[in-house]
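Structure assessment
Now for the letters of each chain:
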Amino acid sequence: MYERILVPLDGSELAQIALPYAQKLAGVLGSQIILIYISESADDRYHHMHQFYLQQMVEATKQNAERYLDKREGRTIKVDSVILVGDPAEEIVNYAGKEDIGLIVMSTHGRSGIKRWAMGSVADKVLRAAKQPMAIIRAKGARPDMLGERNILSKIIVTLDGSKESEAVIPYIEELAFKLKAEVILLQVIAPDYHIYAAGGPEYGVYAEQQIESMNKFARDYLEGISARLKQREIVAKPEIMFGTAAETIINFADQINASLVAMTTHGRSGVSRWALGSVAERVLRVGNTPLLLVRTPGATTE
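Since this is a predicted model, take the numbers as computed values, not measurements. (Residues numbered from 1 in each chain as written. Predicted model: local features only at pLDDT ≥ 70, side-chain atom pairs only at ≥ 80, totals over all residues. Heavy atoms only, no water.)

1. Description of the overall build of the protein
Along its length, the protein carries eight helices and 12 strands. When contacts within the protein are restricted to residue pairs at least 6 apart in sequence, those whose partners lie at least 24 apart make up 79%. Entry remark: accessible area of the protein is about 15,300 Å², with carbon and sulfur atoms responsible for 50%. (Helix = DSSP H or I, 4+ residues; strand = E, 2+ residues; numbered from the N terminus. Contact = heavy atoms within 4.5 Å. Areas by Shrake-Rupley, 256 points an atom, 1.4 Å probe, with all protein chains shown as cover.)

Structural data, given as structure tokens:
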């Protein structure tokens, strides 16, 4: 599932913020890391400098990743690099598809983070087009404590809504949590109110106390069932039910418990294009501070 991890680099320190996450995954899971650099011209006069840069990154990445190895197993970490020519997003997506990449780990750039993505940045295009799960690491605005070696990928929030689509993320988290000995919090957010569309416009209502109690019990039974399955694999997992607006509740809860990763699926027939309509995933990515693992639901298309 995570046999090959792709990390796009562009020579900036901001892009390199994704490396510690890839290094820990590779060291614990035994994954191969591939560093990819895209040159926009075959006549790039700085090609030799890009090669030298990647060579340095390969050596440093290998050394850092091998700190996580179990020395008793006698394994080593394989780190490779590739320079391609063309449109950065297209080359990353095409390479990921052709080379059987299991995970893309990429940082957001610039002061405005996800806001730049609306203007057609590389990360946005990759996110919309790639079929592989993608880990998004915020280069700006992220909490400094998350970059500590012990804290990386140690506490994972998995957002679920009771649907089979949202559960598509669970197999990816199972492997991570088992190997990383990470704590897993299964979070379901229930809206305390509802709205319906009438002829005169949307109308809002508040659930009765009995309805809320019923939803809470249903969610508790659902999450405890999944938690029990994870515990059979010796994964520390606990359910958490909260009431409120989904995205804001997820963001605030992740900050409160110092979560190191929020994992969720993209929903709908149109895949991540739904984000333009203000879905939960888009809001968590745009406003949140915590790294985000996004897994495309089965059957969702790329655009």
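2. Considerations on the nonpolar core
One broad trend across soluble globular proteins is that nonpolar side chains are buried collectively. Formed by 55 residues in total, the largest nonpolar core has its most connected members in Val7, Leu35 and Leu293. With six residues, the single largest contributor to this core is helix H1 (residues 19-29). The residues touching Leu293, leaving out its near neighbours within four places in the chain, are Tyr2, Leu103, Pro133, Met134, Ala135, Ile173, Leu176, Leu261, Val262, Ala263 and Met264. Core analysis: the second largest hydrophobic core is formed by 38 residues, Leu84, Met106, Leu127 and Leu294 among them. (Core = buried A, V, L, I, M, F, W, Y, C linked by side-chain atoms within 4.5 Å. Buried < 20%, exposed > 50% of the residue type's maximum accessible area, 1.4 Å probe, protein only.)

3. Focus: the packing of H1 against helix H2 (residues 47-65)
Orientation of H1 relative to H2, taken along the N-to-C sense of each, is 50 degrees, at an axis distance of 8 Å. The pairing of H1 with H2 is recorded here as oblique in orientation. Judged by the twist between their axes, the crossing of H1 over H2 is right-handed. Between H1 and H2, the contacting residues are Leu19, Gln23, Ala26 and Gly27 on the first element and Met57, Ala60, Thr61, Asn64 and Ala65 on the second. Taken together, the residues of the contact of H1 with H2 sort by class into five nonpolar, four polar and no charged. (Axes fitted to C-alpha atoms, helices over the stretch in contact; angles between N-to-C directions. Parallel < 35°, antiparallel > 145°, perpendicular 65-115°, else oblique. Left-handed = near helix turned anticlockwise from the far one by under 90°. Nonpolar A, V, L, I, M, F, W, Y, C, P; charged D, E, K, R; others polar.)

4. Quick look at unusual backbone geometry
Even without being glycine, Leu153 reaches a positive phi, approximately 60 degrees. Tracing the sequence through the fold places Leu153 in the loop between strand E5 (134-138) and strand E6 (155-159). Located in the positive-phi region is Asn258, a residue other than glycine, with phi close to 55 degrees. For Asn258, the position within the fold is in the loop between helix H7 (246-256) and strand E11 (261-266).

5. What about H2?
With 19 residues, H2 extends 26 Å from end C-alpha to end C-alpha; this agrees with the ideal 27 Å at 1.5 Å per step. Among the structural elements, H1, strand E2 (32-39) and strand E3 (79-85) are those in contact with the buried residues of H2. (Expected span 1.5 Å × (residues − 1).)

6. A word on H1
Within H1, nine of the 11 residues are buried, which leaves the element mostly enclosed by the surrounding structure. Those residues of H1 lying buried are Leu19, Tyr21, Ala22, Gln23, Lys24, Leu25, Ala26, Gly27 and Leu29. Looking at the buried positions of H1, the neighbouring elements they touch are strand E1 (4-8), E2, H2, strand E4 (103-108), E5 and helix H5 (170-180). Downstream of H1 by one or two residues, Gly30 has phi in the positive range, about 80 degrees.

7. Things to note about the pairing of E5
By the criterion of burial, E5 is predominantly enclosed, with five of the five residues buried. Burial along E5 is two-sided: the residues Met134, Ile136 and Arg138 and Ala135 and Ile137 are all buried. Across three bridges, the pairing between E5 and strand E12 (residues 292-296) is antiparallel. Bridge pairing in E12 places Ile136 opposite Leu292. (Pairing = 2+ DSSP bridges.)

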